[in-house]
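Structural features, examined
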Amino acid sequence: MRFYAQTPARRNRQVLVDLIAVALIAAVVWAALAVRDTIMLLAEPGRKVENSGDSLAKELDSAAEAASDVPFIGGVLKKPLQSAADAGSGFADAGVSLQETVGQVADVITTALIVVPVLFVLLLWLPPRLLWIRRSSTLRRLAEAPGGADLLALRALTGPPRALAELPAPPGGWADAWRHGDRQAITDLSTVALERVGLRL
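Structural notes, computed from the coordinates.

Rules of the game
- Residues numbered from 1 in each chain as written.
- Predicted model: local features only at pLDDT ≥ 70, side-chain atom pairs only at ≥ 80, totals over all residues.
- Heavy atoms only, no water.
- Helix = DSSP H or I, 4+ residues; strand = E, 2+ residues; numbered from the N terminus.
- Buried < 20%, exposed > 50% of the residue type's maximum accessible area, 1.4 Å probe, protein only.
- Contact = heavy atoms within 4.5 Å.
- Arc of directions from axis to C-beta.
- Salt bridge = Lys/Arg side-chain N within 4 Å of Asp/Glu carboxyl O.
- Core = buried A, V, L, I, M, F, W, Y, C linked by side-chain atoms within 4.5 Å.
- Phe/Tyr/Trp six-rings, centres within 6.5 Å; stacked < 30°, edge-to-face > 60°.
- Lys NZ or Arg CZ within 6 Å of the ring centre and 35° of its normal.
- Patch = residues over 30% accessible without salt bridge, like charges linked within 9 Å, V, L, I, M, F, W, Y side chains within 5 Å.
- Areas by Shrake-Rupley, 256 points an atom, 1.4 Å probe, with all protein chains shown as cover.
- Axes fitted to C-alpha atoms, helices over the stretch in contact; angles between N-to-C directions.
- Parallel < 35°, antiparallel > 145°, perpendicular 65-115°, else oblique.
- Left-handed = near helix turned anticlockwise from the far one by under 90°.
- Nonpolar A, V, L, I, M, F, W, Y, C, P; charged D, E, K, R; others polar.

1. So, the overall build of the protein
Assigned secondary structure in the protein consists of 7 helices and 0 strands. From first element to last, N terminus to C terminus, the protein shows the α and β order α-α-α-α-α-α-α. Scored against the burial criterion, the 201 residues of the protein give a buried share of 26%. Here the analysis covers contacts within the protein between residues at least 6 apart in sequence; of these, 71% occur between residues at least 24 apart.

Right under this line is the structure:
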């Protein structure tokens with residue numbers, strides 16, 4: 001199986017297209033990750049709320065424990081402080097929830113920004129490349145099979161005439177030479193058929 005043509009012009013085009021496709025995919029991934037980083041900046045307030053809530057809850061818990069040691073009224077003082085500590089924990093939970101929501105939104109948007117453009121690039125790039133690989137493999141097997149040169153010559157005769165017009169025609173013309181089994185003409189025609197897809201004998 002051959003992935004690139006043997007003729008320089010077609011091979012250079014194939015390599016250039018492959019490099020462009022890879023560069024586009026890399027650029028799409030980089031841009032999507034940059035967008036994700038930007039979106040994740042929205043989670044910063046959530047982190048601040050979480051840290052503040054945790055700090056407040058810890059300090060109020062400590063105050064509640066200290067208040068519980070006050071004789072006679074320790075229990076009464078501890079309850080409101082404990083309630084305030086629970087509220088601080090609620091703030092921390094809200095900060096965590098905000099961060100998780102922003103993270104999920106960032107993941108969905110990043111996935112969409114990667115998948116859609118990459119699929120578009122692949123649909124434009126892969127089918128022609130795979131078609132060329134299959135076609136070149138078929139023609140190469142045909143060229144190596146018994147009688148394959150004759151079939152390739154016929155393919156050249158029935159294809160676009162421009163390539164044949166650039167070659168000096170044998171006496172009587174290409175079709176007559178092919179019908180009479182002129183080996184040189186058949187070789188020349190086979191070469192033309194292979195060069196159309198970037199292959200050589």
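2. A closer look at the side chain of S136
With respect to the element layout, S136 can be found in helix α3 (residues 74-144). Take S136: its relative accessible area is 3%, and that puts it in the buried class. Each residue touching S136, except ones within four places of it in the same chain, is listed here: R2 and L199.

3. A closer look at helix α4 (residues 148-158)
By the burial criterion, the buried members of α4 are G148, L152, A153 and A156. The buried residues of α4 all sit within an arc of 140° when viewed along its axis, so they share a single face.

4. Description of the pattern of salt bridges
For side chains bearing opposite charge, pairing can occur when the charged atoms are close. Evaluation of the coordinates by the stated rule reveals 2 salt bridges. For D18, the salt bridge goes to R129, with nearest N and O atoms at 3.1 Å. With D18 in helix α1 (residues 8-40) and R129 in helix α3, the pair connects residues that are 111 residues apart, well separated along the chain. An identical accessibility class is assigned to D18 and R129; each is buried.

5. Some remarks on the environment of G181
With respect to the helices, strands and loops of the structure, G181 is situated in the loop between α6 (174-179) and α7 (183-195). Each C-alpha atom of the pair G181 and D150 lies 8.4 Å from the other, and the pair is 31 residues apart in sequence.

6. Comments concerning the nonpolar core
Within the largest apolar cluster, 18 residues are counted, with the highest numbers of intra-cluster contacts made by W132, L139, L189 and L199. Top contributing element to this core by residue count: α7, with 6 residues. Setting aside anything within four residues of it in sequence, one finds L199 in contact with R2, Q6, T7, W132, S136, L139, R140 and L194.

7. Focus on the packing of aromatic side chains
For the structure on display, the rule yields 0 aromatic pairs. Above the face of the Y4 ring, R129 is positioned so that its terminal group lies 4.9 Å from the ring centre.

8. Some thoughts on a nonpolar patch on the surface
The grouping of M1, F3, Y4, V15 and L19 at the surface amounts to a nonpolar patch, some 540 Å² of accessible area in total. Of note, Y4 is situated in the segment before α1.

9. Topic: the packing of α4 against α7
Taken N-terminus to C-terminus, the directions of α4 and α7 make an angle of 65°; their axes are 7 Å apart at the nearest point. One finds that α4 runs roughly perpendicular with respect to α7. In terms of crossing hand, the pair formed by α4 and α7 is left-handed. Across from A149, D150, L152, A153, R155, A156 and L157 in α4, the residues of α7 making contact are R183, I186, L189, S190, V192, A193 and L194. Of the residues contributing to the contact of α4 with α7, the split by class is 10 nonpolar, 1 polar and 3 charged.

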